[in-house]
Amino acid sequence: MKKITLPLALIALSAGLTMAQVQPSKQSPESTEIWEPVPPVVTPGVYSANTAGTTPPSDAIVLFDGKNADNWVANKGYNPTNSTDPLQWLVKDGVLYSGKTSSAMTKQQFGDMQLHLEFQTPPKVEGNGQGRGNSGVFLQGRYEVQVLDNYENPTYVNGMVGSVYKQAIPLANPSRKPGEWQSYDIIYLAPRFNKAGLMIEPGYVTVLLNGVLVQNRAAIRGTTEYIGYPKVQAHGKGPLILQDHGNPVGFRNIWVREI
């Protein structure tokens, strides 16, 4: 009769053992090593404490490098629809300044992404609460991460800097003084919708303000409304919008890595 050799796992199962109890008699370091796929090489950006700020990594999509606003168009009403109107924001000394005209919208649209930008609220303090250094970063043109001067400036906590506006309160307030440069690093996963337009998974956002974690994979429930509750609207990729709230807020070193 021909001898039949059964696999070790089958013998173990027939003896009433689980797969977790089955261990090869000999293991080597190589048995748990994975060599492919190899992650792409990315040259990291360089941080400088001077006015240059942070340079982008080698695979970044640079949206503003201090030279011009060619990647942006005007947007009114925070509506993420196509626009060809030229942006009227001032570019001076490597900084893009908002100023009572319209919001700024990228020509390019994005989904999941890593976003870096630096902002500067006015050095001269004027106003208080929401009227002081107010702007915002609208992810996919719909979901606002608040920009505000919250240095010794109280306001409602779901509308302060680092908040997902009217939805998620920040974990901390690491605001720098008015006029000092501050940075946002945002990891954003876009919401998913089915063919019927129903949201089957919310968007998630992780936010670091000045290197401090202020949102830890916060779920975005829908649009960030000034009045009323979030609205769920099925959509695909969308632009970035920088809000013009009437305060002269400066921006620099804006780049995205699609993920």
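Residues numbered from 1 in each chain as written. Predicted model: local features only at pLDDT ≥ 70, side-chain atom pairs only at ≥ 80, totals over all residues. Heavy atoms only, no water.

Under the annotation held in an unreviewed UniProt entry, the chain carries the name DUF1080 domain-containing protein and is attributed to Fibrella aquatilis.

**Q** Go over the pairing of strand 12 (residues 203–209) with me, naming the residues and quoting the values.
**A** By the criterion of burial, strand 12 is predominantly enclosed, with 6 of the 7 residues buried. Pairing geometry for strand 9 (residues 182–189) and strand 12, over 6 bridges, is antiparallel. When the bridges of strand 12 are listed, Tyr188 appears paired with Val205. Where strand 12 and strand 13 (residues 212–220) come together, 6 bridges link them in antiparallel fashion. (Buried < 20%, exposed > 50% of the residue type's maximum accessible area, 1.4 Å probe, protein only. Helix = DSSP H or I, 4+ residues; strand = E, 2+ residues; numbered from the N terminus. Pairing = 2+ DSSP bridges.)

**Q** Requested: an account of the packing of aromatic side chains, with residues and values cited.
**A** The geometry of an aromatic ring pair comes down to the distance between the two centres and the angle between the two planes. Applying the stated criterion across every chain, the model contains 3 aromatic pairs. Arranged with centres 6.2 Å apart and planes meeting at 25°, the rings of Trp89 and Phe251 form a pair that is stacked. With Trp89 in the loop between strand 2 (72–75) and strand 3 (90–92) and Phe251 in strand 15 (residues 250–258), this pair connects stretches of sequence that are 162 residues apart. Accessibility classification places Trp89 together with Phe251 in one group, the buried group. (Phe/Tyr/Trp six-rings, centres within 6.5 Å; stacked < 30°, edge-to-face > 60°.)

**Q** Can you break down the pattern of salt bridges residue by residue, with the values?
**A** Following the criterion strictly, the structure yields 7 salt bridges and no others. Across the pair Asp149 and Arg132 runs a salt bridge whose closest N-O atoms are separated by 2.7 Å. Here Asp149, found in the loop between strand 8 (143–147) and strand 9, pairs with Arg132, found in the loop between strand 6 (113–120) and strand 7 (135–139); they are 17 residues apart in sequence, far enough to count as distant. Looking at Asp149, the relative accessible area reads 2%, which means it is buried. Judged by its relative accessible area of 10%, Arg132 falls in the buried class. A salt bridge links Glu225 to Lys231, with the shortest nitrogen-to-oxygen separation between them at 3.7 Å. Residue classification places Glu225 among the partly exposed residues on the basis of a relative accessible area of 21%. (Salt bridge = Lys/Arg side-chain N within 4 Å of Asp/Glu carboxyl O.)

**Q** Summarise the layout of surface pockets; cite the residues concerned and give the values.
**A** There is about 400 Å³ of room inside the largest pocket. Along the lines of polarity and charge, the residues of the lining of the largest pocket split into 7 nonpolar, 10 polar and 3 charged. (1 Å grid on protein atoms, 1.4 Å probe; cavity = no way out; pocket = protein on both sides within 12 Å on 5 of 7 lines; lining within 4 Å. Points joined across faces, edges and corners; volume = space filled by probe spheres on them. Nonpolar A, V, L, I, M, F, W, Y, C, P; charged D, E, K, R; others polar.)

**Q** Residue-level account of the nonpolar core, with values.
**A** By size, the foremost hydrophobic cluster in this structure holds 38 residues, and its most contacted members are Leu139 and Tyr184. Listing elements by their share of this core, those giving two or more residues are strand 1 (61–64), strand 6, strand 7, strand 8, strand 9, strand 12, strand 13 and strand 15. Take this core: its biggest share by element is 4 residues, from strand 6. Non-local contacts of Leu139, meaning those with residues more than four positions away in its chain, are made with Met113, Leu115, Val145, Ile186, Tyr188, Val205, Pro239 and Leu240. (Core = buried A, V, L, I, M, F, W, Y, C linked by side-chain atoms within 4.5 Å. Contact = heavy atoms within 4.5 Å.)

**Q** Describe the side chain of Asp244, with residues and values.
**A** Of note, Asp244 is situated in the loop between strand 14 (241–242) and strand 15. For the buried Asp244, no salt bridge is present, and the opposite-charge side chain at shortest range is Lys100, 8.4 Å distant. Among the polar contacts made by the side chain of Asp244, one reaches the main-chain amide nitrogen of Thr101 at a distance of 3.1 Å. At a separation of 3.0 Å, a polar atom in the side chain of Asp244 contacts the main-chain amide nitrogen of Gly246. Other than its neighbours up to four places away in sequence, Asp244 contacts Tyr78, Trp89, Ser98, Gly99, Lys100, Thr101, Ser102 and Ser103. (Lys, Arg positive; Asp, Glu negative; His and termini not counted. Polar contact = N/O pair within 3.5 Å; in protein donor to acceptor, adjacent residues only side chain to side chain.)

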